[in-house]
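# Remarks on the overall topology
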Amino acid sequence: QECSKKQKNDDTQSTSVDALSSDDGFEEKNEFHTLANAKILLSDCLACDNCMTSEEGARVFQQNQKELFRILNLNKKCDTSKHKVLAVSVCPQSLPYFAAKFNLSVNDAAKRLCGFLKSLGVHYVFDTTIAADFSILESQREFVQRYQRRNQEEHALPMFASACPGWIRYAERVLTNLVTSHICTAKSPQQIMGSLVKGYFARQQNLSPDKIFHIIVAPCYDKKLEALREDFYTALYNSQEVDCVLTSGEIVQIMEQKNLSMKDVTEVAVDSLFDDIKEGEVVRHDGKRSDGYLEHIFKHAAKELFGMDVKEITYKALKNKDFQEVTLEKDGETVLRFAAAYGFRNIQNMVLKLKKGKFLYHFVEVLACPGGCLNGKGQTQSEDGKPDKALLNQMEEVYAAIPVRLPETNVHVQKMYQDWLEGMDSKKVHETLHTKYSAVNQTASNLDIKW
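Calculation rules
- Residues numbered from 1 in each chain as written.
- Predicted model: local features only at pLDDT ≥ 70, side-chain atom pairs only at ≥ 80, totals over all residues.
- Heavy atoms only, no water.
- Helix = DSSP H or I, 4+ residues; strand = E, 2+ residues; numbered from the N terminus.
- Buried < 20%, exposed > 50% of the residue type's maximum accessible area, 1.4 Å probe, protein only.
- Contact = heavy atoms within 4.5 Å.
- Areas by Shrake-Rupley, 256 points an atom, 1.4 Å probe, with all protein chains shown as cover.
- Salt bridge = Lys/Arg side-chain N within 4 Å of Asp/Glu carboxyl O.
- Pairing = 2+ DSSP bridges.
- Polar contact = N/O pair within 3.5 Å; in protein donor to acceptor, adjacent residues only side chain to side chain.
- 1 Å grid on protein atoms, 1.4 Å probe; cavity = no way out; pocket = protein on both sides within 12 Å on 5 of 7 lines; lining within 4 Å.
- Points joined across faces, edges and corners; volume = space filled by probe spheres on them.
- Domains from an automatic or database assignment.
- Phe/Tyr/Trp six-rings, centres within 6.5 Å; stacked < 30°, edge-to-face > 60°.
- Lys NZ or Arg CZ within 6 Å of the ring centre and 35° of its normal.

This part takes up the overall build of the protein chain. Along the protein chain, the regular secondary structure elements total 15 helices and 13 strands. Across the 451 residues that make up the protein chain, the buried fraction comes to 57%. For the protein chain, restricting intrachain contacts to residue pairs at least 6 apart in sequence, the fraction spanning at least 24 positions comes to 76%. If you sum the accessible surface of the protein chain, you get close to 20,000 Å²; carbon and sulfur atoms cover 46% of it.

Evaluation of the coordinates by the stated rule reveals 18 salt bridges. The partner of Glu142 in a salt bridge is Arg146, and the shortest N-O contact between them spans 3.0 Å. Taken together, the residues Glu142 and Arg146, both in helix 5 (residues 129–148) and 4 residues apart, mark about one turn of the helix. For the pair shown, Glu142 and Arg146 are each scored as buried.

Let us now look at unusual backbone geometry. With an omega of 0°, the peptide bond between Leu157 and Pro158 qualifies as cis. Looking at where Pro158 falls in the secondary structure, it is placed in the loop between helix 5 and strand 5 (159–160). Within the chain, Asp331 stands out as a residue other than glycine whose phi angle is a positive 55°. Among the structural elements, Asp331 can be located in the loop between strand 11 (323–330) and strand 12 (333–342). Judged by relative accessible area, Asp331 falls into the exposed class, the value being 77%.

With respect to topology, 5 strands assemble into an open sheet ordered 5-13-12-11-10, the strand pairing being mixed. Of all strands in the sheet, those with a lone pairing partner are strand 5 and strand 10 (316–317), marking the two edges. The pairing of strand 5 with strand 13 (residues 363–367) spans 2 bridges and is parallel. Its bridge partner being in strand 13, Met159 is matched across the sheet by Phe363.

A separate point is the side chain of Gln65. Relative to the helices and strands, Gln65 is located in helix 2 (residues 65–76). On the accessibility criterion, Gln65 (2% relative accessible area) is buried. Side-chain polar atoms of Gln65 contact the backbone oxygen of Glu250, separated by 3.3 Å.

This next bit is on the pairing of strand 11. Sheet topology note: the strand 10/strand 11 ladder contains 2 bridges and is antiparallel. The residue of strand 11 that forms the bridge with Ala317 is Gln324. Once strand 10 ends, the chain turns through 5 residues before running back antiparallel as strand 11. In textbook terms, the turn of a hairpin is the stretch between consecutive antiparallel strands, and for strand 11 and strand 12 this stretch comprises 2 residues, one of which, Asp331, has a positive phi near 55°.

Time to look at empty space enclosed by the protein. One pass over the full model with this rule turns up 2 cavities of 30 Å³ or more. In this structure, the largest cavity occupies an estimated 280 Å³ of space. Forming the walls of the largest cavity are 24 residues, and the residues nearest its centre are Gln93, Ala163, Lys223, Asp291 and Cys373. Of all the elements in the fold, those that place two or more residues in the lining of the largest cavity are helix 8 (189–204), helix 9 (222–226) and strand 13. Of the residues forming the lining of the largest cavity, the biggest block, 3 residues, is contributed by strand 13. Here the lining of the largest cavity spans two domains, since at least three of its residues come from each of domain 1 (50–130 + 189–264) and domain 2 (135–186 + 285–433).

Once that is clear, we can look at the packing of aromatic side chains. All told, the structure shown has 18 aromatic pairs when counted by the stated rule. Chaining the aromatic ring pairs together yields one cluster made of Phe143, Tyr147, Phe298, Phe306, Phe338 and Phe363. The ring centre of Tyr147 lies 4.1 Å from the NZ or CZ of Arg150, which sits over that ring.

Most of strand 6 (residues 212–218) sits out of view: 7 of its 7 residues are buried. The sheet contact formed by strand 3 (residues 85–90) and strand 6 spans 6 bridges and is parallel. Bridge assignment links Ser89 to a residue of strand 6, and that residue is Ile216. With 4 bridges joining them, strand 6 and strand 9 (residues 244–247) adopt parallel strand pairing. Along strand 9, the bridge assignment pairs Ile215 with Cys244.

With that settled, the discussion passes to the side chain of Asp271. Within the element layout of this structure, Asp271 appears in the loop between helix 10 (248–257) and helix 11 (293–306). A polar side-chain atom of Asp271 sits 2.9 Å from a polar atom in the side chain of Lys118. One polar contact links Asp271 to Lys278, side chain to side chain, over a distance of 2.5 Å.

Shown next as structure tokens:
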């Protein structure tokens, strides 16, 4: 199926699409401020009208601030049998937005965001960095395995990162199995966080998964689509592992509706998934604007496959700053060739080379947004629909200053592999941390969205 963004440039101005409106007559009147219907900037992600059915569109547009307040009001009712435990998980790339927006340190921003959400009635606020730890570790392991069997399996290499839902949706709905068979099977951090909250945490709290309402705060709108995936659903409990995704900008809209600034809010320590332990200082992974799959996998593969310790990685920009490569040489031979491809234009060029059989890379970190996750349009877009470059520059400075923690050094992750997942190579690891990506035949009617 032809993609409707075929001729679009990454810098094309966004088209704002109004949410499908519900009948306000059926909405319960409450003490909370009336919130405008969500504006979804679909032209800034890869989930265009040729990739999204009308049913999916309706469900995406339901993921807005009103859904959060619906649950908050439900919890105010006397009938406790209908109450939900509200858990919010915040993506690491969202925190620099709040820090830059309100001129705070990233640690203060994390605590004030937690304080604000809890003042609304949220019970738990988590950091999704631990989910990214699992995702990176599983991706590292899979790459080494694929590299070792590259001569036996046609589609073993190259391996494409699976963390970006815009890229995944485009690959599944528009491209063929020629591409999807190369996508890493490790779930994205969002998907893994869903498993952690409604699996591990629910069990720790002796809660049924359907009693938890799980919200993700994310930089981009494609995360809303990712939450709808069938492999992100537990039929036994009729429960999605992520019930609602709100962008960083949508959280700020709630603050504005309540006439609050982040600086007006009391600091509250961020929760962890482990008993009564609280999170410490904010940490991140390698990588300038994302979770750093390329850097972590590159260093791990260099060590595991060639016995080389790589301390620093040198990026070489190719056609543009959003397409860069990293190579490893041993005895005068290039043994690893990785690339980072950000934005639709670079993704299309990459796929074209793959189809022509002229693809030289072993691994590619693919992200839908030009500039990476920090530039998600749920947090860098100004009111006139244009990118706020000054804010993005501030966010990049904030993010770069956050200390890096290697996933391998997280003692909680290592303990959970043994206690919860029954070992590193168990069946439960495969079921909980991995999924399958494959081409989808799109036959349903599409949302009528004009570009």
